[in-house]
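Structural overview
Chain residues, written in single-letter form:
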Amino acid sequence: EKLDVHPDLKSDPAKALKQVFVQVDDALRMDKTIDAELSGTTAVVVVRLGGTLVCGNAGDSRAVVVRRAGAGFEAAPLSRDHNPDLPDERRRVEAAGGFVSDPPAPGLSARVWLDAARTRVGLAMSRSLGDGAAKRVGVVSDAEVRRHAVDVARDAALVAASDGVWEFVGSDEAA
């Protein structure tokens, strides 16, 4: 709803997405009926404006464009998963006093911790809405925004899903 009425949605969709992600995060913090101190969510939002897709994401929800490729399909990423072991994400978290543990095994997630002993929080993403405790150690709600020019001859569909899907299905497999 906030995005739909944002005054810059059509003229500057990247600005609108970035502002709305922060506004929603702020609203979660202020709403006393929702306990967003130790819980939160990731978000991915795709807006089509004419021949352009504009995608904003925070966390490890993901959006991909399904493109025709020969006799099959392939995925073109619209977003980047914000995992705490990505170098830029890790730097921000550690600079804010947080701790990042590497994935304990292939296929498992790195985690953001409030303490060096790794006993408090253990968040598997470096951006989210909510998760107030982790905000104190560099987890942010800032949307990363990417654009995609729609190619009607190649682009067949859009898949946007949470990490609950992407944990088990790769982007190309989904395509």
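So, here is what we can say about the structure in this document. Residue indices begin from 1 for each chain and proceed along its sequence in written order. Totals for whole chains, interfaces and linings use all residues, but because this is a predicted model, local features are given only for residues with pLDDT of at least 70 and pairs of side-chain atoms are given and counted only at 80 or more. With hydrogens and water set aside, each side-chain value is computed from the structure's full complement of heavy atoms.

Turning our eyes to something else, we now look at the layout of surface pockets. A cavity, in this analysis, means grid points on a 1 Å lattice covering only the protein atoms where a 1.4 Å probe fits yet has no way out; a pocket is instead an open set bounded by protein on both sides within 12 Å along at least five of seven lines, and a residue lines either one if it has an atom within 4 Å of a point. Grid points are joined across faces, edges and corners, and a volume is the space filled by probe spheres set on the points. The space that makes up the largest pocket amounts to roughly 410 Å³. Contributing to the lining of the largest pocket are 19 residues, with Asp60, Gly107, Leu108, Ser109 and Glu167 lying nearest its centre. Ten residues, namely Ala, Val, Leu, Ile, Met, Phe, Trp, Tyr, Cys and Pro, are considered nonpolar, four, namely Asp, Glu, Lys and Arg, are considered charged, and the remaining ones, Gly among them, are considered polar. Among the residues forming the lining of the largest pocket, the class breakdown is seven nonpolar, four polar and eight charged.

Our focus in this paragraph is the side chain of arginine 67. If you trace the backbone, arginine 67 turns up in strand β4 (residues 62-69). Of note is the side chain of arginine 67, whose polar atom sits 2.7 Å from the side chain of aspartate 155. Helix numbering and strand numbering both begin at the N terminus, where a helix is a DSSP run of H or I of at least 4 residues and a strand a DSSP run of E of at least 2. Any pair of N or O atoms that falls within 3.5 Å is considered a polar contact. Within protein, one atom must be able to donate a hydrogen and the other to accept it, and sequence-neighbouring residues count only if both atoms are side-chain atoms.

With respect to the helices and strands, the residue lysine 2 is situated in the segment before α1 (13-30). Between the C-alpha atoms of lysine 2 and phenylalanine 21, which are 19 residues apart in sequence, the distance is 9.3 Å. Residues contacting lysine 2, with those up to four places away along its chain left out, are Val20, Gln23 and Val24. In what follows, a contact means two residues having at least one pair of non-hydrogen atoms within 4.5 Å.

For the rest of this paragraph, the subject is α1. Here, expected helix span is obtained from the residue count minus one, scaled by 1.5 Å. Taking 1.5 Å as the rise per residue, α1 with 18 residues should run 26 Å; its terminal C-alpha atoms sit 25 Å apart, in good agreement. Here's how the labels work: a residue is buried when its accessible area is under 20% of the maximum for its type, exposed when over 50%, partly exposed in between, all with a 1.4 Å probe on protein chains only. Those residues of α1 lying buried are Pro13, Ala14, Ala16, Leu17, Val20, Phe21, Asp25 and Leu28. On an axial view of α1, the arc spanned by its buried residues comes to 160°, and they lie on one face. For α1, the secondary structure elements touched by its buried residues are β2 (43-49), β3 (52-58), β9 (129-130), α3 (132-135) and β10 (144-149). The arc in question is the one spanned by the directions pointing from the helix axis to the C-beta atoms.

What is meant by a nonpolar core is a set of buried Ala, Val, Leu, Ile, Met, Phe, Trp, Tyr and Cys residues, joined one to another through side-chain atoms within 4.5 Å. One finds Leu3, Leu9, Leu17, Phe21 and Leu129 to be the most contacted residues of the largest nonpolar core, which totals 14 residues. Of all elements in the fold, only α1, β2 and β3 reach the threshold of two or more residues within this core. In terms of residue count, α1 provides more of this core than any other element does, five residues in total. Core analysis: the second largest hydrophobic core is formed by ten residues, Val93, Val112, Met125 and Ala133 among them.

We now examine the sheet that holds β4. Each pair of strands is called paired provided DSSP finds at least two bridges between the two strands. Read across the open sheet, the three strands follow the order β5-β4-β11; overall the sheet is antiparallel. In this open sheet, the two strands that pair with only one neighbour each are β5 (72-77) and β11 (155-161). When strand polarity is set aside, the average angle formed by the axes of neighbouring strands in this sheet is 30°. As defined by bridge partners, β4 adjoins β11 across six bridges and the pair is classed as antiparallel. Within β11, the residue paired with valine 65 across the bridge is leucine 158. Axis lines are fitted to C-alpha atoms, over the contacting stretch for helices. Their N-to-C directions set the angle, which ranges from 0 to 180 degrees.

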